[in-house]
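Geometric and topological summary
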Amino acid sequence: MTAIRPRRSVLYMPGSNARALEKAKTLPADALILDLEDAVAPDAKASARDQVCGAVKAGGYGPREVIIRANGLDTPWGRDDILAAAAARPDGILIPKVSNPETLQEVGKLLAGAPDNIRVWAMVETPAAMLDIARISAAARDRSTRLACFVMGTNDLAKETRARFVPGRAPMLPWLSLALTAARAEGLDILDGVYNNISDMDGFRAECEQGRDFGFDGKTLIHPTQVEPANEIFAPPAAEVAWARKIIAAFQLPENAGKGVLSVDGKMVEILHAEMGKRVVAVADAIAARQG
Ligand SMILES: CC(C)(COP(=O)(O)OP(=O)(O)OC[C@H]1O[C@@H](n2cnc3c(N)ncnc32)[C@H](O)[C@@H]1OP(=O)(O)O)[C@@H](O)C(=O)NCCC(=O)NCCSC(=O)C[C@H](O)C(=O)O
Ligand SMILES: [Mg+2]
């Protein structure tokens with residue numbers, strides 16, 4: 001199993017907001033997205049790029065994963081954003097509005113020669129992406145694309161399709177499910193979209209729980225008050241971790257050697273449940289290591 005990085009809480013901030021870039025160093029978010037795209041006005045693009053790259057180079061973000069969201073390659077800023085971001089050596093570069101795998105190949109070419117540990121994350125937020133999602137996730141097979149993670153952009157999807165935000169997100173469920181399935185088919189992580197109503201904590205928690213139950217690794221966030229609830233909801237509960245350890249231990253007993261199915265506490269468990277359990281334990285251990 002590859003090393004797990006907890007991505008329960010992934011906080012966006014405008015790259016033009018120096019106070020937010022500083023405050024992020026104190027917040028318990030698993031990852032930060034320093035945004036050069038939609039949260040930055042056109043006149044501020046160049047100065048935000050300098051500010052973000054300077055902050056990433058200076059460091060101070062501790063164990064938090066640091067991601068720079070570039071502008072799209074079809075904008076006047078995208079290419080320079082990607083080159084400047086690569087030179088600042090973040091953990092990843094997030095590409096907005098990816099609608100086909102060719103965009104990721106182009107990004108991969110721009111990053112040729114950049115340190116291998118810089119990964120590419122792709123926003124899934126256009127109707128065209130939804131229709132081509134299997135080819136987009138399959139771009140991860142070409143290692144030069146560096147593709148590691150999908151991020152849902154539900155605001156852009158709502159804008160482009162005219163779907164409404166409603167409790168339970170019925171209009172969006174097919175997109176969430178399709179993108180998640182495509183991500184998992186290629187071993188990618190995937191993060192749920194943002195919840196815009198900062199003052200509605202109950203609604204936010206309900207949406208986190210829904211995203212977790214769908215299988216998302218975490219949620220993208222827009223405000224510090226959303227970080228701790230996301231950390232709590234996307235962490236495996238203690239009872240789930242204890243159950244996972246019990247299943248793993250049962251399969252390791254000498255009398256169960258070679259068995260493919262067992263009964264544990266009156267429930268059928270198969271080897272696949274032990275494998276799922278190993279992931280639950282690994283996620284819990286990674287979270288504990290981060291907190292420790
Ligand atoms: C939404 C906000 C504009 C609200 O700002 P504000 O009213 O200033 O917030 P507060 O006064 O409540 O802030 C309290 C303190 O917290 C700091 N803060 C606020 N937000 C952040 C943040 N995101 N990261 C770090 N720190 C933050 C303030 O500085 C205050 O600190 P202090 O000085 O110590 O009191 C604002 O929250 C905001 O800008 N949020 C992020 C917006 C953003 O980045 N949007 C773009 C990404 S979302 C998106 O595009 C999704 C996708 O593409 C899609 O299509 O769906
Ligand atoms: Mg967007």
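Residues numbered from 1 in each chain as written. Chains lettered and ligands numbered in written order. Predicted model: local features only at pLDDT ≥ 70, side-chain atom pairs only at ≥ 80, totals over all residues. Heavy atoms only, no water.

Under an unreviewed UniProt entry, the name given to the chain is Citrate lyase subunit beta/citryl-CoA lyase, and the organism recorded is Camelimonas lactis. Among the UniProt annotations of the chain, the heading Cofactor (unreviewed entry) holds the following wording: "Mg(2+)". Its UniProt record, at the heading Sequence similarities (unreviewed entry), says of the chain: "Belongs to the HpcH/HpaI aldolase family." (UniProt positions renumbered as here; feature names shortened; annotations may be inferred.)

1. Structural notes on the overall build of the chain
When its secondary structure is counted, the chain shows 12 helices and 10 strands. Computed over the C-alpha atoms, the radius of gyration of the chain is 20 Å, within 12% of the 19 Å expected from 2.2 N^0.38 for a compact globule of 292 residues. Residues counted as buried form 50% of the 292 residues belonging to the chain. For the chain, long-range pairs separated by at least 24 residues make up 72% of all intrachain contacts whose partners lie at least 6 apart in sequence. The centroid of the 35 positive side-chain charges in the chain is displaced by 3 Å from the centroid of its 37 negative side-chain charges. (Helix = DSSP H or I, 4+ residues; strand = E, 2+ residues; numbered from the N terminus. Rg over C-alpha atoms; globule rule 2.2 N^0.38 Å. Buried < 20%, exposed > 50% of the residue type's maximum accessible area, 1.4 Å probe, protein only. Contact = heavy atoms within 4.5 Å. Lys, Arg positive; Asp, Glu negative; His and termini not counted. Charge placed at Lys NZ, Arg CZ, Asp CG, Glu CD.)

2. Remarks on the nonpolar core
Note on soluble globular proteins: their nonpolar side chains tend to be buried together. Membership of the largest hydrophobic core comes to 65 residues, with the highest contact counts inside it found for F150 and M152. In terms of residue count, the dominant contributor to this core is helix 8 (residues 173-185) (six residues). The contacts of F150, once residues within four sequence positions are left out, are A122, V124, I133, I136, S137, A179, A183, L188, D189, I190 and L191. Ranked by size, the runner-up nonpolar core spans 13 residues in total, among them V10, W121, A148 and V151. (Core = buried A, V, L, I, M, F, W, Y, C linked by side-chain atoms within 4.5 Å.)

3. Looking at the pairing of strand 8 (residues 218-221)
Across three bridges, the pairing between strand 1 (residues 9-14) and strand 8 is parallel. If you follow L11 over to strand 8, its bridge partner there is L221. For the handedness criterion, the β-α-β arrangement of strand 7 (residues 189-192), helix 9 (residues 201-214) and strand 8 is classed as right-handed. (Pairing = 2+ DSSP bridges. Right-handed = clockwise from strand over helix to strand, strands pointing away.)

4. Quick notes on the coordination of the magnesium ion (ligand 2)
Working reference: metal with six octahedral donors, ideal angles 90 or 180 degrees; metal with four tetrahedral donors, ideal angle 109.5 degrees. At 2.0 to 2.1 Å from the magnesium ion (ligand 2) lie its protein donor atoms, namely E125 (OE) and D156 (OD). In this pair, E125 sits in the loop between strand 5 (119-124) and helix 5 (127-131) while D156 sits in helix 7 (residues 154-161), placing the two residues 31 residues apart along the sequence. Here the two residues E125 and D156 agree in accessibility, since each one is buried. (Donors = N, O, S within 2.8 Å, 3.2 Å for Na, K, Ca; no water.)

5. Let's talk about the domain arrangement of the chain
One widely used convention gives an interface's size as the accessible area the parts lose upon coming together. If you check the domain split of the chain, you get domain 1 (9-234) and domain 2 (238-289). Placing a centre on the C-alpha atoms of domain 1 and another on those of domain 2 gives a separation of 33 Å. (Domains from an automatic or database assignment.)

6. A closer look at the site of ligand 1
Neighbouring ligand 1 are 20 residues, the closest being Y12, R19, N155, I222 and H223. Interatomic distance of 2.5 Å between a side-chain N/O atom of R19 and an oxygen atom of ligand 1. Between an oxygen atom of ligand 1 and a side-chain N or O atom of E125, the distance comes to 3.1 Å. Of all the secondary-structure elements, those providing two or more residues to the shell around ligand 1 are strand 1, helix 1 (18-23) and helix 7. Per-element accounting of the shell around ligand 1 gives the leading share, four residues, to strand 1. Grouping the amino acids of the shell around ligand 1 by side-chain chemistry returns 10 nonpolar, four polar and six charged. (Near = heavy atom within 4 Å. Polar contact = N/O pair within 3.5 Å; in protein donor to acceptor, adjacent residues only side chain to side chain. Nonpolar A, V, L, I, M, F, W, Y, C, P; charged D, E, K, R; others polar.)

7. Brief notes about the packing of helix 11 (residues 238-252) against helix 12 (residues 271-291)
Remark: helix 11 packs on helix 12, axes separated minimally by 8 Å, with the N-to-C direction vectors making an angle of 130°. If you check the angle between helix 11 and helix 12, you find them oblique. Both helix 11 and helix 12 take part in a crossing whose hand is left-handed. Counted together, E240, V241, A244, R245, I247, I248 and F251 of helix 11 and I271, H273, A274, G277, K278, V280, V281, A284 and D285 of helix 12 form the full contact between these two elements. (Axes fitted to C-alpha atoms, helices over the stretch in contact; angles between N-to-C directions. Parallel < 35°, antiparallel > 145°, perpendicular 65-115°, else oblique. Left-handed = near helix turned anticlockwise from the far one by under 90°.)

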